Amino acid sequence: MTSIWLDRKESFSPDPFQAGSAYDTVVAGAGLTGLVTALLLARSGQQVLVLEARYPGAVTTGNTTAKVSLLQGTVLSGLARQYSAKQVQAYVDANREGQAWLLRYLQEQGVPFQPRDAYTYATTGDGLERLREELTAGTTAGLEIKYTGDAGLPFPVQGALKLAGQAQINPMDALDALMADLRSRGGTIVGGVRLRDVSGNGPLTVRTDQGNVTANHVVLATGIPVLDRGLYFTKLKPLRSYAAALELPAELVPPPGMYLSAEEPTHSLRDYEMDGRRYLLVGGHGHHVGRTASEKAHLDGLLDWAGTYFPGATATHTWSAQDYQATNLMPFFGTLPRGRGRILFGTGYNKWGMTNAVAAALGISADILGGQLPWADTIHHRVTSPTGALTAVKLNAQVAVKLASGWGKVAAGERKAPRHAAAATPADGEGKVYRDGARPVAVSTVDGTTCGLSAVCTHLGGIVTWNDNELTWDCPLHGSRFSSDGHLLEGPATKDLPRADKD
Ligand SMILES: Cc1cc2nc3c(=O)[nH]c(=O)nc-3n(C[C@H](O)[C@H](O)[C@H](O)COP(=O)(O)OP(=O)(O)OC[C@H]3O[C@@H](n4cnc5c(N)ncnc54)[C@H](O)[C@@H]3O)c2cc1C
């Protein structure tokens, strides 16, 4: 399941990790947030270390659809329902600055991107109503959004909103440019090194799985923050969605813009051209991580939809990825509570990180370097609306239910392991949770190898569920994910799932 962006010849050469070294700032995470932040700090003369647990782009940035747009589905009307016009304006200003920074940077670096008009389209009366609200919210915030009856799509729509002059990128080209630039300014980028904890009051001690380093500031650019202070995992929904690259036959012309439906399941579209081959990228059909009967059915649903409207296009890549939605829809960035202003973070971009991650990086680096950004101040000082607070309460009630039901099934013996080992061995591509004494055990078989792990997520003790699309163990509480042999892939956890026999 490799995205079209990560299916490439270039491989990452990590710099050596030197335990015991001291830095001005350690940035954990080499996605868009981490690398833009690191570059901004290095440009101002700081010694910066980027610690990446896997490899740059491995998690969300390398698996995005990479539309760099200020028209973002129906996000602005969602914000306008909860916030004052000033706060919605601050969100738009932040995204405008993020977009402008990124596109200007790519242009300076000679990295290609494609200007495109962005559309949010509706196929139902309900969707049309959402478009009306979005039009009002967007134009109030100064965006030149227009209503159109013709979005250039090969299926009927009730109407669409159009914002001209947006853009789409190859996100790995962007990361490559940022990394080369950062290194040319003395920055260090290591891979395969995971931040585990941060402690200390003066210079901070950064604990990793390969030794400690010290820094004056630490930036958690890890998707969801991997330190629990501030309890951000209680304010963020991990949302997984699906994508595919479809190669187009010569006679099929892709729709001219970038698109997102106003209705669920969402359908996202954009084009891409590489080595003379033309692709249509489709995305959508998302859900809360670990809370669906079959992840594969979501991907199949997306592919069926694409097959209906783009017959003759052939899927060359399919993949899935997750991003985090704040319960109040406003991204979080800035200083982490109880970090004495020295630990900073950015998260909650709600699948609009190409602009929001850059805005967060601008905000974080301004906080560290002493700059001031009016939109960042306004976003920092927002008060969670009653709707946002209620969504957070509901989210955490669902988490409690999932926690209790996962353990309840184990305690009730519903998942008692079959007496014969052969019966306990799942078929290839399958995973099951069994009770072994009092312990829940996650057993899967992948490529003929059966592996038994503790089924208890190392973050906060949720019982993991099998993802039949990625063949991974996913936690339905806060979105941590592990490979079939227990390696941590993403999410707020910082440790692997132990082998069942080492539990
Ligand atoms: C399917 C999909 C489509 C999307 N499409 C769009 C789009 O069209 N336009 C748009 O604007 N946005 C889109 N987004 C959202 C956007 O891709 C993300 O918001 C953005 O890439 C997030 O970047 P990031 O740097 O914060 O996170 P990531 O790219 O996930 O980077 C975090 C990095 O931190 C590393 N890490 C984690 N824990 C540790 C640790 N303990 N120590 C060290 N390193 C660690 C991870 O390995 C990872 O590399 C989409 C998202 C999804 C899921």
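The coordinates are above.
**Q** How should the overall build of the chain be read in this particular structure?
**A** Per the secondary structure count, the chain includes ten helices and 24 strands. Taken over C-alpha atoms, the radius of gyration comes to 22 Å for the chain, in line with the 23 Å a tight globule of 503 residues would show. For the chain, buried positions account for 57% of its 503 residues. For the chain, the share of sequence-separated contacts (at least 6 apart) that also reach a separation of at least 24 residues comes to 71%. Carbon and sulfur atoms form 51% of the exposed surface of the chain, whose accessible area is close to 19,800 Å². With 46 positive and 47 negative side-chain charges, the chain shows a spacing of 7 Å between the two charge centroids.

**Q** How should I be thinking about the nonpolar core in this particular structure?
**A** Here is a general trend for soluble globular proteins: nonpolar side chains tend to be buried in one another's company. Judged by nonpolar contacts, the single largest core of 85 residues is most densely connected at Leu35, Leu79, Trp101, Ile169, Leu178 and Trp375. What Leu35 contacts, discounting residues up to four positions off in sequence, is Gly29, Ala30, Val50, Leu175, Leu178, Met179, Leu182 and Ile189. Tyr23, Val190, Leu227 and Tyr232 belong to the second largest nonpolar core, which has 28 residues in total.

**Q** So what exactly am I meant to see when it comes to the site of the ligand here?
**A** Around the ligand, the structure places 32 residues, and the nearest of them are Thr33, Glu52, Thr61, Thr65 and Met354. Between Thr64 and the ligand, the recorded distance is 3.0 Å, taken from a side-chain N or O atom to a nitrogen atom. Interatomic distance of 2.8 Å between a backbone N/O atom of Lys67 and a nitrogen atom of the ligand. With the chains in place, 97% of the 1,000 Å² that the ligand exposes on its own is no longer accessible. Elements that contribute at least two residues to the shell around the ligand include exactly helix H1 (32-43), strand E2 (48-52), strand E15 (314-326) and helix H7 (353-369). In terms of residue count, the dominant contributor to the shell around the ligand is E15 (three residues).

**Q** Explain empty space enclosed by the protein here, please?
**A** As enumerated under the stated definition, the model contains three cavities of 30 Å³ or more in all. Of the volumes computed, that of the largest cavity is approximately 50 Å³. Considering the residues around the largest cavity, the lining is formed by Lys67, Ser69, Leu71, Gly73, Ala118, Tyr119, Thr120, Met258, Tyr259, Leu260 and Trp352. Among the elements of the structure, strand E4 (114-122) and strand E12 (258-261) are those that each provide at least two residues to the lining of the largest cavity. Tallied by class, residues from the lining of the largest cavity come to seven nonpolar, three polar and one charged.

**Q** Got a minute to help me understand the sheet that holds strand E20 (residues 449-454) in this structure?
**A** Strands belonging to one sheet form pairs held by backbone hydrogen bonds; the direction of such a pair is parallel or antiparallel. Spatially, E18-E19-E20 is the arrangement adopted by the three strands of the open sheet, whose pairing is antiparallel. Every interior strand has two partners, whereas the edge strands, strand E18 (430-436) and E20, have only one. In this sheet, adjacent strand axes meet at a mean angle of 25° when their direction is disregarded. Where E18 lies against strand E19 (residues 439-446), seven bridges are found, and the strand directions are antiparallel. Bridging across to E19, Glu430 finds its partner in Thr445.

**Q** Would you mind showing me how to read the sheet that holds strand E23 (residues 481-483) here?
**A** Reading across from one edge, E21-E22-E23-E24 is the order of the four strands in this open sheet, with antiparallel pairing throughout. The open sheet has two edge strands, strand E21 (465-467) and strand E24 (488-490), and neither has a second partner. The mean inter-strand angle of the sheet, taken between neighbouring strand axes irrespective of direction, is 35°. Direction of pairing for E21 relative to strand E22 (residues 472-474): antiparallel, over a ladder of three bridges. Note that in E22 the partner of Trp466 across the bridge is Trp473.

**Q** In this structure, what is going on with the packing of aromatic side chains? I would like to understand it.
**A** Given two aromatic rings, one states the distance between the centres and the angle between the planes to describe the pair. One pass over the full model with this rule turns up twelve aromatic pairs. An aromatic cluster is built from Tyr121, Phe155, Trp305, Tyr309 and Phe310, whose rings are joined through pairwise contacts. We note Lys235 situated over the ring of Tyr232; from NZ or CZ to the ring centre the distance is 4.4 Å.

Here is what the cut-offs are and how they apply
- Throughout this document, residue positions are counted from 1 along each chain, in the order its sequence is written.
- Totals for whole chains, interfaces and linings use all residues, but because this is a predicted model, local features are given only for residues with pLDDT of at least 70 and pairs of side-chain atoms are given and counted only at 80 or more.
- Side-chain descriptors were evaluated using all non-hydrogen atoms of the structure, hydrogens and water having been removed beforehand.
- Numbering of helices and strands runs from the N terminus, with a helix taken as a DSSP run of H or I at least four residues long and a strand as a DSSP run of E at least two residues long.
- Here the globule rule is a power law, 2.2 Å times the number of residues to the power 0.38, and the radius of gyration is based on C-alpha atoms.
- Working definition: with a 1.4 Å probe on protein chains only, accessible area under 20% of the residue-type maximum means buried, over 50% means exposed, and in between means partly exposed.
- Contacts are assigned to residue pairs with any non-hydrogen atoms lying within 4.5 Å of each other.
- In short, Shrake-Rupley with a 1.4 Å probe defines the accessible areas, and a residue's cover is counted only from the protein chains shown.
- All tallies of charge rest on Lys and Arg as positive and Asp and Glu as negative; His and the ends of each chain are not included.
- By convention, the point assigned to a charge is CZ for Arg, NZ for Lys, CD for Glu and CG for Asp.
- We call a set of buried residues a nonpolar core when its members are Ala, Val, Leu, Ile, Met, Phe, Trp, Tyr or Cys and they connect through side-chain atoms within 4.5 Å of each other.
- Near is defined per residue: the residue qualifies when any heavy atom it owns lies within 4 Å of the molecule or strand.
- Polar contact criterion, stated in full: a pair of N or O atoms within 3.5 Å, where within protein one must be able to donate a hydrogen and the other to accept it, and residues adjacent in sequence count only if both atoms are side-chain atoms.
- Cavity: a set of points on a 1 Å grid over the protein atoms alone where a 1.4 Å probe fits but cannot get out. Pocket: an open set with protein on both sides within 12 Å along at least five of seven lines, its lining residues, like those of a cavity, having an atom within 4 Å of a point.
- Grid points are joined across faces, edges and corners, and a volume is the space filled by probe spheres set on the points.
- Throughout this entry, Asp, Glu, Lys and Arg are counted as charged residues, while Ala, Val, Leu, Ile, Met, Phe, Trp, Tyr, Cys and Pro are counted as nonpolar. The remaining residues, Gly among them, count as polar.
- Strand pairing follows a simple DSSP-based rule, namely that at least 2 bridges must link the two strands.
- Where helices are involved, their axes are fitted lines through C-alpha atoms of the stretch in contact, as for all axes, and angles between N-to-C directions lie from 0 to 180°.
- Stacked, edge-to-face and tilted are the three classes for Phe, Tyr and Trp ring pairs, Trp counted by its six-membered ring, which pair at centre distances within 6.5 Å; planes under 30 degrees apart are stacked, over 60 edge-to-face, the rest tilted.
- For a lysine, the NZ atom is tested; for an arginine, the CZ atom; a charge sits over a ring if that atom is within 6 Å of the ring centre and within 35 degrees of the ring normal.

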